[in-house]
Each structure stands twice: as C-alpha cells, then as structure tokens.
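# Structural features, examined
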Amino acid sequence: MSTIIYGIITSVILALYAVGFSLTYGISGLANFAHGALYILAGYISWNLMNYLGLPFLASAPLAVVACALVGFIIYWGLLLRVRGIPLSELVVTFAAGVAILELLTWRGFYGISYSLPVFVEGGVEIWGVAVDAQRLLVIAVGVALVVLLYLFVHYTKIGLAFRGMAQNERTALSVGIESDWIGALSLALGSALAGLAAVVVLPLGMMESSVGYEVLIYALAVAIVGGLESTPGMVVASFVIGFGQRITASYIGPKWMIIVPLAAIVLVLAVRPSGLFGKFKELEERV
Amino acid sequence: MQPPDVKIRRKRLDRGIKARTDSVFVIAAPGDIIYVLAPRVLPVVALLILPFFLSEYHQEVLVHASVVGLLALSWDLLACCGLFSLGQSLFFGVGAYMAGMMDYYLHLSIWIGLPLATLSGGAICSILLAPVVRLKGVYFAMVTLMLPLLFRKIIEASGLLGGTLGLSTRGSFPNEWVAVYLGIIVFLGVLFGLRKLIDSDYGLVLKAIRDDDRAVMSAGINIYARKVQALFVAGSIASFAGAFLTYRYEFVGFSVFAWDYAILPLAAAALGGPGTFAGAALGSMILVPLSEALRAMGGLRIASYCLVLMVSIIALPEGIFSFLERKYHQFESLVEVK
C-alpha cells in the first residue's frame, strides 16, 4: 500500500520536474538544459528572501517563481536569440548557462542541511494505514491543478493558442502574425517559472543543494524522452512509469538502485519505440 | 582622413599557392615549402622542446593540457559524424577506471595495462552507446549527459570499484620524462592521425553522415556501424587520456566523472573551432594554462569555463583556428569602393 501511495507522490514530483522542460521543448524546440539550475535557483532565491529580507515563505515563493521566469527570459533574449535555429549551439548555451548557475551557487557555499525551505502546510494524515504528510498531498494537488490549468491555458487563451501554433508550424505561425522570438522567449520564461514552481513546492520535502539541480535535469530528460516530447499525456504516463519503477526498485531491490530506473527506462524505450510512448511520427524522424 | 563619401572595404585574396583547392598545394619554391610546413612543424617542435625549459609544475600543466586536448580531439571526432556528446567524462572515466582495475585487481604492468585500458575503454563505451547511436543531435546529447552522472551515482551508491574512496594504484611511469613525453607524443600523434583520417575516404563518409545521413544510407553504407566505429576510436582516445592520468596520479576515484572533463574539452573545441581537430588542440592549449592561472578562483573555475563556452559559441562561432587559418592563407588589403 505504501508503495502505491508513495509511488503516486514520486510520479507527481517527476511530472512537476518535467512539465516545464517538455513545455518549452514542445513549443519552441528548445531543449532547456538549464532547467535543473533554474529549479535550484528558485529555492536559493526564496531562501535568501526569507532569511535576509524576513519575508514569509508565502510571499517569497511567488517572488522566486517570478524571478525564475525573468532569468529564463533573459537567457533567451540575451543568449539564445543569437544562436537561434542552430539546435546544438542552443543546447550548449543553455547547458553552459545551467552549469554556470549551479557552480556559482556551489561556490557561494550553497549546500548542507542549514538550507531548507519550510513546508506550506504542517501535519499529516493517514490514508489506508499509511502516514502521509500534508506537504506531499499538496504536491499532488499542485501537480494535478497544474496539468489542468496548462491544458486550459493552451487551449483557450490567446497566448496559449499562439504557443500551439508555434509548436505546430513556426512559419505558418509567423505568417499569421505570431512573433516567433517573443513567443520563444515567453515559452522559456514559462518553462522556467514552472521549474521554480516545482522547486518551491517540492524542495521543502528534502534538502536543497546545487547537486540536486543535476538530478532534476536528469529526471526531466528521462521523462521527456520516455514520454515523447511535446506530448502531455505521454509526459504524465512516463512520470508514472518511472516513479513507480523507482518506488518498486526501492522497496524490493534497494534504494541505492533507484537512480538506475530512468536510464533503464530510456534505453528500453529507445530500443522498442524510439519516438517515446506517445510520440508522433514527426518526432521519430527528428530523433533517428 | 577619408572624405565621408569614400567607402573602404576589405579585399581578400587567396594566396596563389592555395588558390586551386583547399588542401592541395602547388609547391614551386623553397619559400612555398616553408609556407606549407611552418604551421605544421613549428607547433610540434615547440611542444617537444618546451618541457626542457619548464619547471616541474609547468610540465604538469602541459601534460594536463595534452590530456584535455585528447578529450577535445575525441569530442571533435564524434561531432564530425554527427554525434554530439556532452559527456566526454564518460569515456575519460571509463578509461581511468579500467586502468585502475588493471592495476589494482590484476597487477598488470603499466605497459600492458595502459594499452589494454585504452582499447577496453573504447570497447565498453561503444557497447554502452551502441543502442542509442540511432539518436540524433539533442537526443544523443541528453543520453551522454546522463551516463557519467549515473556512473558516478552507481559507484557512490554500490561501493563497487572502491566506492567513494577510489582505488589507489601502484604502477606508475618509470620517471617524469617518460610521462611528459608520452602524453605529448600521443597528443600530437592523435591530432595528425585524425586530421589524416578525416581527409581520407573513411572520414569523408563520417562527415557525410553528419551532413545528410539519409543520403549515406541510400548509398548502401551502414551508418550505425560507422558511428559505432567512430565511437570506438573516440572512446579509445579519451580512455587513453583517463588511463594515462590514473597511472600518473596513481589513483582513480569517481571524480573522473566530474564536470571538468565534460565541459573543458567542449569549451576547448568550441573556442578553437570545431571540425578541424587543430582547433580543438589549440583551444585546449589556450584554455588549460589559462585555467591554471585562474586556479585561485577555486570553485568558480567551472563557471568560468562555461563563460568561455558561451562567449565562443555566440561571438566566435567559427573558432580561433579557422580565423587564423583564413588570415594565413589570404592577402588582405583595404580598397576603395567604387
């Protein structure tokens, strides 16, 4: 029973990690390798706002999310715009930016137990005999709400529709007056904000160190590859596959082998279905 | 001063010796021979003589530059056939651990262990990456980014291969000079070997895979086999670098999978100019001494490599080497636009 409940929680956390990454990739074809760095950056910003400005967590968390969006926007406008259209250069630039952020944070001495964020909600409940703390339930609630909101956003708002237009065909989108640079920058900003949001919700559950940033990036990539990029149901299913895979590994084989699961999932999926579980044929052509 | 309506432009002309083709030179006079040989012979001679004039510390820097140069060359070879790697530290680390195992468990002598680690490292890397060789660009990069991190986690978590403590090996080079010259000579050999290779028919196919893999497939060539072969060569080169450092420091730990060895070669190749090999070599010879000079920055070093990487990708996309090459082969003069 506890495997099932914690499996669900792990899966939702993975989905939260991956949602920003796969959204940005889906819209503008940008693989944002700075995703994990932005995740940690959000934690760092909100920690600093709390400890140096004395803001309550409820105020510092949204500010951190906004700051993340701003950093994402700046990365696009300042760096990526100059190499737009060369996928590998884009990748190297975001990767370098991400590693630079993480290394700067490590250099500032940003690791250890003293850095942790408080939980939003205290206490816990018992579900079918398994103790679950309230923050983990909040994570699930946020994850579900986020998926629903994003669905509504991309289907019923103007910017959301512009995002989808860009994703489907950039040239046609241009011809109907959608500014592709602007939308690209917004998509990166939105993806970064989602990384920040995931951070302020998930980070209170554990330690905050810059090395976590690399892990977040790994999980986001694993979910994105397994699920098939730009496919929202694929992303959700993939995070459940990997999340449950990890929980089952942890319970029956040993927690230290958990990290193998994403790699095994990637290799299996690439061998059997190179376009991912829910990928479309167009992606197959891109990948192979 | 020029009157404002007179426009000046830069006029570039290829030197006569180079005008016919890109690579074949028409040599007619001793001056031409010097012109062609100087850029090749001078760096070689300089690198071979340099250790005599350097202190032990600076020799160490030179060796480290050669090791990073080997990694950058192996990155460049992979990039030549369209495999974009973000994890040179994987190849490096596998080689380093293979050498560690050869010494620690099997007690092989260095002259057997080093070549064996080189080849087995290349073989392991190509077997590991063979299933994902079908992936292109970003996807291949993602997988190579993850593998070294995962290896590190596995070694950390499972305690295999010495776990967090690493393996202390006993075999080492007979003396400093052997190590220094082995590093430099292998580096130069790989540099010129790869330049030769990429100009041969075999290298032409590799480059064609990068440019248009469908066309190569339709010519009846198995591109996956070719990519695996390139992986083996590149993996062996980087494994040699790893094994070499293991024997030199008589130690191997999971720090070989660290970012230094993934970012530094990439930054070196990007700075020097990818696709030319000489660029990667030049880049590492610039970047490693520079980073030694910046050693005082401590933890900021990796961040500074990232900065170099970003600046060179954005501002100097062709790289230093291509720039120098162009300047060397062309006359330039300012002429009035009429």
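Okay, the overall build of chain A next. In terms of regular secondary structure, chain A is built from twelve helices and two strands. Reading the secondary structure of chain A in the N-to-C direction produces α-α-α-α-β-β-α-α-α-α-α-α-α-α. Looking at chain A residue by residue over its 288 residues, the buried ones come to 50%. Put simply, 73% of the contacts in chain A that link residues at least 6 apart link residues at least 24 apart.

With that settled, consider the interface of chain A and chain B. Contact residues are listed per partner, giving 34 residues for chain A and 33 residues for chain B. Of all elements in the fold, only helix H4 (87-107), helix H9 (210-227), helix H11 (260-272) and helix H12 (281-287) of chain A reach the threshold of two or more residues within the side of chain A that touches chain B. When residues in the side of chain A that touches chain B are grouped by element, the largest group, 15 residues, is from H4(A). Class assignment of the residues belonging to the side of chain A that touches chain B gives a composition of 27 nonpolar, two polar and five charged.

Let us now look at the confidence of the model for chain B. Residues and elements named next belong to chain B. Looking at chain B, the pLDDT average stands at 84 and 94% of residues meet or exceed 70. Looking across chain B, the model is least confident in strand S2 (residues 167-168), with a mean pLDDT of 78, and most confident in helix H9 (residues 223-249), with 91. Overall fold confidence (pTM) sits at 0.83, and the ipTM for the predicted complex is 0.75.

What follows concerns the nonpolar core. When a protein is soluble and globular, its nonpolar side chains tend to lie buried together. Ranked by size, the top nonpolar core spans 200 residues in total, and within it A:Ala18, A:Ala42, A:Cys68, A:Val223, B:Leu73, B:Ala267 and B:Leu309 carry the most contacts. A per-element tally of this core places helix H8 (residues 180-202) of chain A first, with 15 residues. Not counting the four nearest positions on each side in its chain, B:Ala267 is found in contact with B:Leu287, B:Tyr305, B:Val308 and B:Leu309.

What counts, and at which threshold
Residues numbered from 1 in each chain as written. Chains lettered and ligands numbered in written order. Predicted model: local features only at pLDDT ≥ 70, side-chain atom pairs only at ≥ 80, totals over all residues. Helix = DSSP H or I, 4+ residues; strand = E, 2+ residues; numbered from the N terminus. Buried ≥ 20, exposed ≤ 12 C-beta atoms within 10 Å, placed from the backbone. Contact = placed C-beta atoms within 7 Å. Nonpolar A, V, L, I, M, F, W, Y, C, P; charged D, E, K, R; others polar. pLDDT = per-residue confidence, 0-100. Core = buried A, V, L, I, M, F, W, Y, C linked by C-beta atoms within 7 Å.

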